[in-house]
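# Structural overview
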Amino acid sequence: MNKAVAYLSELIGKSVHDIDTPALVIDLDAMKRNLGRMAEFARKHQVRWRPHAKLHKSILLAKMQIKAGAVGVCVQKTSEAEIMVAGGVHDVYISNEVIASAKLARVAALTQAVAAHGGQIAIAVDSLEGVSRLAQAMSDARTGIRNGTPSTATVIDVFVEIDVGQGRCGVQPGQDAVLLALEIRKHPALRFAGLQAYHGKVQHVRNVQERRMTAADAMKSVELTCELLKAQDMAPGLVTGAGTGSFALEAASGVYGELQAGSFIFMDADYAQNERDPVQPHFEHALFVKTQVVSRHASHAVCDAGHKSHAIDSGLPQVHALKRQEGLDYFNGGDEHGILRPSSGQTGLPDLGQMLWLIPGHCDPTVNLHDVMIGVSGGLKSGTVERIIRVDARGALT
Ligand SMILES: Cc1ncc(COP(=O)(O)O)c(C=O)c1O
C-alpha cells in the first residue's frame, strides 16, 4: 500500500488534529444539518429537489442527498453523469448542452444503462442542431448501430434551456423555446420534459430586494414561455432551475417545480456575503481547508494552503474563527502559501505550527482540486475523522 493510501485509511477514528495539511475537510454535522434544512424546505413547499452534484462530485454524497429526499442529481458533464451512473445513481439530469457526437453516443448509452434499473437520464438543449444530433445518437443506440445488437426503445427527457438573464446558454424565452419544444416532439426517442431556467447571476446579488427583483424578471420570462407552449396545446412540463442564492424565490413562484441548488450543503465564503432572505433557510459553512502555519514574522504568518488547495475565482478564503484565530485576514501567497495578517483593529498572529481552518471562496472548483474530502464528526475543535469521501468525478470535464 502506498503511503498516501495508508495514511488515509489509518485516519479513520483519529482526532481532527491528526489530519495532515493542507486537506479538504467536511464538517459532517454541519453538512447533515444543511441537508436536513433543504429536505424540510422542499417538503414544506412541495417542490422537487435535484441538487447539483457538480459541487461535490461524490457518489456517496449524491446517495445521501437522494436518501434525504432528492429526486436525483444534476450534473454538468457527460463524464460526471457516467461516474454517477456507474456508482448506482440512476436518475441524472445533464443540465447542460452536449453537442459532440462521441459524447452524445455516451449519453444515449447511459440512457439505456439506467433504463435497466428503472432510472432516467435527462439533458438540456438550446438549438435545433442540438436536438437533431441528440435524436441521431438516440436512434443509433436504439438500432444498435454501434455494436450490432438491437437495444431497447428507451427515451431521454429533454429540457429546453431558456436564457432568463444570465447570458450564457439557452434560447430566448418565448417563441424560440416553443419551436424547440415542437421539434423535440417529432422524435420518438426524445421526450419534451419542460424548461431549464437557471439564472446564475441572481445567485450572487447581495441585496435581498435586488435579488428578488432580478429573480422576478426571470420568472416573467418563464411564465411567458409556459403560456406560449399552452397556446400550442403543449403541456409546459417541469420548470427546473435555481441555485443556493435564490431557490426560495423559485419555490414560491408557482412556476418552478424543481430546484437545482447545490452549494448549500457546503456554503462557501462568497455565498455567505449574500444578505440572507428571511424566506430562505440558514446554512452553515461545512467545507474547510485545514492548513498549518509554516513561517512566522513580525508582521505576518504564512500557512501551507495556496491556490492549489482552494479556488480563488470568487475571492480568497476566509479564516474560520476558532478560539485563537479570531481576526485574521488571508492574502494570496501563490500556489502553495497563504499570507495571514491581523484584521484591522486586531494584533495577534498565530504561532508557528498552529492549525487553521479556511472557508473557500467557491466550493465547486475547490473540491475539484482534491482527490478526497475528509469527513469529520464532532466539530473542528475536537472531532474525529468518520470517513474518507472520494471526489469520484474529480477532473471529469468532458
Ligand atoms: C445549471 C445550474 N444549476 C444549478 C446550479 C447550482 O447552483 P449553486 O451551487 O450555486 O447552488 C448551477 C451552478 O452553477 C448551475 O450551473
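Since the structure is predicted, the reported quantities are computational estimates derived from the model, not experimental observations.

### Focus: the overall build of the chain
Looking only at helices and strands, the chain has 11 helices and 17 strands in total. Dimensions of the chain, computed from C-alpha atoms along their principal axes, come out at roughly 70 × 55 × 35 Å. For the chain, the residues scored as buried account for 54% of the 398 residues in total. Within the chain, residue pairs in contact and separated by at least 24 positions form 70% of the contacts whose partners lie at least 6 positions apart. Of the roughly 16700 Å² that the chain leaves accessible, carbon and sulfur atoms contribute 52%. Between the centroid of the 40 positive side chains of the chain and the centroid of its 41 negative side chains there is a distance of 4 Å.

### Focus: unusual backbone geometry
The amide bond that connects Thr 21 to the next residue, Pro 22, takes the cis arrangement and shows omega of -10 degrees. Along the chain, Pro 22 turns up in the loop between helix H1 (3–11) and strand E1 (23–27). Of note, the phi angle at Lys 57 is positive, near 55 degrees, even though the residue is not glycine. Examined against the element boundaries, Lys 57 turns out to sit in the loop between strand E2 (48–49) and helix H3 (59–67). The phi dihedral of Ala 242 falls on the positive side, at around 85 degrees, and the residue is not glycine.

### Re the nonpolar core
In this structure, Val 160 and Val 222 are the most contacted members of the largest nonpolar core, which totals 54 residues. Leave out the neighbours within four places in its chain, and Val 160 touches Val 125, Val 171, Ala 177, Leu 180, Ala 181, Ile 184, Phe 192, Gly 194, Leu 195 and Gln 196. If you look at the next biggest cluster of nonpolar residues, it comprises 46 residues, including Ile 26, Leu 55, Ala 251 and Cys 363.

### Structural notes on the domain arrangement of the chain
When its domains are assigned, the chain resolves into domain 1 (3–24 + 283–390) and domain 2 (29–267). Relative placement of domain 1 and domain 2: their C-alpha centres are 34 Å apart. Contact with domain 1, which involves 19 residues of that partner, is made by 21 residues of domain 2. With both chains or domains summed, domain 1 and domain 2 bury close to 1600 Å², and 57% of this area falls on carbon and sulfur atoms. The largest per-residue losses of area from domain 1 upon contact with domain 2 belong to Phe 283, Glu 284 and Asp 364, which jointly make up 44% of the total buried on that side. Linking domain 1 to domain 2 there are 4 salt bridges. Across the salt bridge formed by Arg 37 and Glu 284, the nearest N and O atoms sit 2.9 Å from each other. Taken together, the links from domain 1 to domain 2 amount to 7 residue pairs in polar contact (both at pLDDT 80 or more). At 4 residues, the largest contribution of residues to the side of domain 1 that touches domain 2 is made by strand E17 (residues 384–390).

Rules behind the numbers
Residues numbered from 1 in each chain as written. Predicted model: local features only at pLDDT ≥ 70, side-chain atom pairs only at ≥ 80, totals over all residues. Heavy atoms only, no water. Helix = DSSP H or I, 4+ residues; strand = E, 2+ residues; numbered from the N terminus. Buried < 20%, exposed > 50% of the residue type's maximum accessible area, 1.4 Å probe, protein only. Contact = heavy atoms within 4.5 Å. Areas by Shrake-Rupley, 256 points an atom, 1.4 Å probe, with all protein chains shown as cover. Lys, Arg positive; Asp, Glu negative; His and termini not counted. Charge placed at Lys NZ, Arg CZ, Asp CG, Glu CD. Core = buried A, V, L, I, M, F, W, Y, C linked by side-chain atoms within 4.5 Å. Domains from an automatic or database assignment. Buried area = accessible area lost by both parts, 1.4 Å probe. Salt bridge = Lys/Arg side-chain N within 4 Å of Asp/Glu carboxyl O. Polar contact = N/O pair within 3.5 Å; in protein donor to acceptor, adjacent residues only side chain to side chain.

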